[in-house]
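Report on the structure
Each chain, written out:
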Amino acid sequence: MSDLNTQRTYAIVGHGGSGKTSVAEMLLYKAGVVNRLGKVEEGNTVLDYEPEEIKRRGSIQPGFANFKWNKNQHFLIDTPGASNFNGDLSFSVKAADGAVLVVDAVDGVKPLTRKIWGRVTDAELPSIVFINKMDRDRADFDSAFNGLSEMLGMRPVLLYYPIGSKEDFRGVVDMLSGKAIMFGENGETTEGDIPADIADEVETMRETMIENIAESDEELMELYFEEGELTPDQITQGLKAGVLSGELVPVAVGSALENKGGKELLDTIQTLLPSPLEHKPWQGEDGERASSPDEPLSCFVFKTIADPFAGQLTVVRVCSGTLQPDSMITNSASGEKERIGQLHLMNGKEQTASKTPMGPGSIVTLAKLKGTHTGDTLVSEKDDFKIVKPELAPQLITYALAPAEKGDEDKVFAAVAKLLEEDITLTLSRDEESSDVLLSGMGQNHIEVSVERAKRRSKVDIVLKTPKVPYRETFKAGAQEVQGRHKKQSGGRGQFGDCWINVEPQPAGTGYVFEDKIVGGAIPRQFIPAVDKGIQETAQRGVLAGYPVIDFKVTLYDGSYHNVDSSEMAFKVAGSLAFKKAAEKGKVALLEPVMTVTVAVPDSFMGDVIGDLSSRRGKVLGSESQSGVTEVKAHVPMAEMLKYAPSLNAMTGGQGTFFMEFDHYEECPPNITDQVIAENKKDEEE
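Anyway, here's the lowdown on the structure attached to this text. (Residues numbered from 1 in each chain as written. Predicted model: local features only at pLDDT ≥ 70, side-chain atom pairs only at ≥ 80, totals over all residues. Heavy atoms only, no water.)

Notes on the overall build of the chain
The condition is simple: We count a stretch as a helix when DSSP gives it H or I for four or more residues in a row; a strand needs E for two or more, and each element gets its number in order from the N terminus. The contact rule is simple, with two residues in contact once any of their heavy atoms fall within 4.5 Å. Areas reported here follow the Shrake-Rupley algorithm with a probe of radius 1.4 Å; residue values treat only the protein chains shown as occluding.
From N to C terminus, the chain includes 16 helices and 34 strands. For the chain, the spread of C-alpha atoms along the principal axes amounts to about 110 × 60 × 50 Å. Residue pairs in contact within the chain that sit at least 24 positions apart in sequence constitute 72% of those at least 6 positions apart. Approximately 30400 Å² of the chain is accessible, and the part contributed by carbon and sulfur atoms is 47%.

A word on the packing of helix α1 (residues 20-30) against helix α9 (residues 262-272)
Helix-helix packing is characterised by the crossing angle of the two axes and by the distance between the axes. We count it as follows: All axes are obtained by fitting lines to C-alpha atoms, using only the stretch in contact for helices, and the reported angles, taken between N-to-C directions, cover 0 to 180 degrees. Between 65 and 115 degrees an angle is taken as roughly perpendicular, under 35 as roughly parallel, over 145 as roughly antiparallel, and anywhere else as oblique. In this classification, the charged set is Asp, Glu, Lys and Arg, the nonpolar set is Ala, Val, Leu, Ile, Met, Phe, Trp, Tyr, Cys and Pro, and all remaining amino acids, among them Gly, are polar.
It is the contact of α1 with α9, at a shortest axis distance of 9 Å, that shows an interaxial angle of 85 degrees. With respect to each other, α1 and α9 are oriented roughly perpendicular. Contact with α1, carried on its side by V23, M26, L27 and K30, involves G262, K263, L265, L266 and I269 of α9 and no other residues of that element. Grouping the amino acids of the contact of α1 with α9 by side-chain chemistry returns 6 nonpolar, 1 polar and 2 charged.

Remarks on the packing of helix α14 (residues 606-615) against helix α15 (residues 644-652)
Rules: Note on convention: near helix rotated counterclockwise from far helix by under a right angle means a left-handed crossing. Clockwise means right-handed.
Between α14 and α15, the shortest axis-to-axis distance is 10 Å and the interhelical angle comes to 150 degrees. The angle between α14 and α15 places the two elements in the roughly antiparallel class. Taken as a pair, α14 and α15 cross one another with a handedness that is right-handed. Within the contact between the two elements, α14 uses D608, V609, D612 and L613 and α15 uses Y644, L648, M651 and T652. Across the contact of α14 with α15, the residue classes tally to 5 nonpolar, 1 polar and 2 charged.

Structural notes on the pattern of salt bridges
To keep things clear, this is the line we draw: The term salt bridge refers to a side-chain nitrogen of Lys or Arg lying within 4 Å of a carboxyl oxygen of Asp or Glu. Each residue is assigned to one of three classes by its accessible area relative to the maximum for its type, calculated with a 1.4 Å probe on protein chains only: buried under 20%, partly exposed between the two thresholds, exposed over 50%.
All chains considered together, the criterion is met by 23 salt bridges. The residue K280 makes a salt bridge to E124 at a minimum N-O spacing of 2.9 Å. Highlighted residues: K280 in the loop between α9 and β12 (282-284) and E124 in the loop between α4 (111-122) and β5 (127-132), separated in sequence by 156 residues. For the salt bridge of E278 with K240, the shortest nitrogen-to-oxygen distance reads 3.9 Å. Note that E278 is positioned in the loop between α9 and β12 and K240 in helix α8 (residues 232-245), a separation of 38 residues in sequence. Residue K240 is classed as partly exposed on the basis of its relative accessible area of 25%.

Things to note about unusual backbone geometry
Of note, K368 is a non-glycine position whose phi angle comes to about 60 degrees, a positive value. Structurally, K368 is set in the loop between β20 (363-367) and β21 (377-379). Unusually for a residue other than glycine, K459 sits at a positive phi of about 55 degrees.

What to know about the packing of aromatic side chains
The cut-off we apply is this: Two aromatic rings from Phe, Tyr or Trp, using only the six-membered ring of Trp, form a pair when their centres are within 6.5 Å; if the ring planes differ by under 30 degrees the pair is stacked, by over 60 it is edge-to-face, and anything between is tilted.
Throughout the structure, instances matching the rule amount to 13 aromatic pairs. Geometrically, the ring pair formed by Y471 and Y547 is edge-to-face, given 5.4 Å between the ring centres and 70 degrees between the ring planes. Residue Y471 is found in the loop between β25 (462-465) and β26 (472-475), and its partner Y547 is found in the loop between α12 (528-541) and β30 (552-560); the two are separated by 76 residues along the sequence. Residue classification places Y471 among the buried residues on the basis of a relative accessible area of 8%. Ring centres of F552 and F579 lie 5.5 Å apart, and the angle between their planes is 40 degrees; on these two criteria the pair is classed as tilted. Residue F552 is located in strand β30, and its partner F579 is located in helix α13 (residues 568-586); the two are separated by 27 residues in the primary sequence.

Some remarks on the environment of L464
Position of L464 among the secondary structure elements: in strand β25. In this structure L464 comes out as partly exposed when scored by relative accessible area, which is 30%. Note: C-alpha distance between L464 and V451 (13 residues apart in sequence) is 8.2 Å. Other than its neighbours up to four places away in sequence, L464 contacts Y399, A400, L401, I447, E448 and V451.

Quick notes on the sheet that holds strand β9 (residues 179-183)
To be explicit about the condition: Any two strands with at least two DSSP-identified bridges between them are counted as paired.
Within the open sheet, the 4 strands sit side by side as β7-β8-β9-β10. Their pairing is antiparallel. A strand with exactly one partner marks an edge of an open sheet, and here the two such strands are β7 (160-163) and β10 (189-192). In this sheet, adjacent strand axes meet at a mean angle of 30 degrees when their direction is disregarded. Note: strand β8 (residues 171-174) against β9, 4 bridges, orientation antiparallel. Each residue of the ladder has a partner; that of G171, found in β9, is M182.

A few points about the side chain of S127
Selection rule: Counted as a polar contact is a pair of N or O atoms within 3.5 Å, where, for protein atoms, one must be capable of donating a hydrogen and the other of accepting one, and residues adjacent in sequence contribute only when both atoms are in side chains.
Locating S127 in the fold gives a position in strand β5. Here L125 takes part through its backbone oxygen, which lies 2.9 Å from a polar atom of the side chain of S127. With sequence-adjacent residues up to four places away left out, S127 is seen in contact with A99, W117, V120, V243, L248, V249, P250 and L273.

Looking at the sheet that holds strand β23 (residues 427-430)
Within the open sheet, the 4 strands sit side by side as β23-β24-β22-β25. Their pairing is antiparallel. Each having just a single partner strand, β23 and β25 make up the two edges of the open sheet. This sheet shows a mean twist of 35 degrees between the axes of neighbouring strands, independent of strand direction. Helix α10 (residues 409-417) rests against β22 (397-403), β23, β24 (437-441) and β25 of the sheet, and its axis sits at about 160 degrees to β23.

Looking at empty space enclosed by the protein
The test is simple: Residues are called lining when one of their atoms sits within 4 Å of a cavity or pocket point, these points coming from a 1 Å grid over the protein atoms alone, where a cavity is a set in which a 1.4 Å probe fits but cannot get out and a pocket is an open set with protein on both sides within 12 Å along at least five of seven lines. Grid points are joined across faces, edges and corners, and a volume is the space filled by probe spheres set on the points.
In the structure shown here, the tally under the stated rule is 4 cavities of 30 Å³ or more. Roughly 110 Å³ of internal volume is contained in the largest cavity. Lining the largest cavity we find 12 residues, and of these S83, N84, A645, G656 and F658 sit closest to its centre. Those elements that provide at least two residues to the lining of the largest cavity are α15 and β34 (657-667). Considering every element that reaches the lining of the largest cavity, the biggest residue donor is α15, with 3 residues. Tallied by class, residues from the lining of the largest cavity come to 5 nonpolar, 6 polar and 1 charged. One number sums up the size of the second largest cavity: a volume of about 90 Å³.

Without other data, these values stay purely geometric and don't point to any function.
Listed below in structure tokens is the structure:
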């Protein structure tokens, strides 16, 4: 087992396109894990290896690596940045002791960066920022750095000041040592003097850095006021304490694709991010447990991977105790025992067996566990400690799945169901109304990529359809004294059922109410439930456009029967006929589901977004602006939001994010009602 004091376990996080995987690749190259620097654009990085990742040039699932830096053990989790694929980010950050937030020097802090940073701060993870892409044409260090405090509310401490920018990015100033580090060929570095043209700016930034560090600690503050300076040891000590408490966030800069800044980032991680022994106690459902090898074993399952050769792989973070190869453990969620074989460590898709026990902070892969799922806790036998699961982001979009060939519905369901183990942000269901197979996820790309994977792995041809909007129908007015009479004579015993009902609209959310007011045996007791059933079944099928009728009351007050010909079936038909007549008389309206939609965009896009929501029949409820980002809330019909994700991306250059949830039903405008009725008739004819 490695020295836990010097071990580091961290997640690399950031918005999509900021270059997280390239940063991870640079660190692996610096550490000697790979002998050439892979590129996302060329599809040859260690951590993006799934065919869908190579095709779309971006991560769709977390990647894992382990390596030694200056003989110290590092475990790295590379998380996806696109909102379609980071719905389980809270699980990845829970498995880490610290985070490296990658910010793009060109785009700076985006709304999605704020959302991701929120997950990191919710998890109370000590963090470092790496401002990447300093070599790009539109790189703007000042804008990116200022955005950290202005938009993310952090107190950034600049440890490396860039020398040059864009094509002239050629080095950094180490603010602690006061030396310039110049980049040479292939990431090699040499020390030099600070260029004269930036010396004054560096001095100002260094003073700000020391003030920030001093302000985070009362003792240091007093020393700083007395002496006017802090020693290098005091600065490092204060910085480490500030990072651990979350008060301070150190900032490094570089260019991952050009292999510039990797050593400096690794040194910062090693010096300032915490060890697993400094992790706060793990919160269980009943009590807590220290992050220590001396505590009983507990491992948090934070990812499941389907490997084409090894089968299902369970990725765990060892939280306490020591995980031994070839041992028996217990799944505290189910109480089932699991046999552990070899322990594996991952570098991308490559696995290496570890023959030594693994202690806290280790990211370990276990194969062929029977009943263990993402979010479970693995413990020693006879232990029942359960780590509290983090919350998942809400799903935003649902699509219907259909087989290319009729009759293959069960194959489609089975193929997609296999994805649910490894992607906990997907939900699979069947719509009772339409019989559609429904797949819900984080966005259109998420659904499309998931279906691609299912098709590739299971060799089933799947067609994606926009699902039916769950419209409803309801009474606009009551219908009094409506008769449903069913009489049929066709030789032998006939059929007879006769009922009289009143129908009244009910307040939204009341549902269906049936009141029996039969007196004097006008309808025998045993037939009254049949009338109720006939009404309910017909209401479920709808009368306007095939959607369930909701929020109405039926009062059954009279009827008649025949001693021989009356039956449950006859009264069921009578109830159905009475309901249909009442629907004609009382006028039925079509209702559509209305969603509460929250959209976050840079201020400059606010007008476009509000205009677009209005064009979707939306009612804007209000907006709030903070640090250059506006959050707009609106009520919008679900039918208008089915393909909103790609529209918002196009409108905001990928900088907008949104989520929505059902709020209420509202009457459809006449033109929408006519359209839905016409579509329903067309479907029935087909």
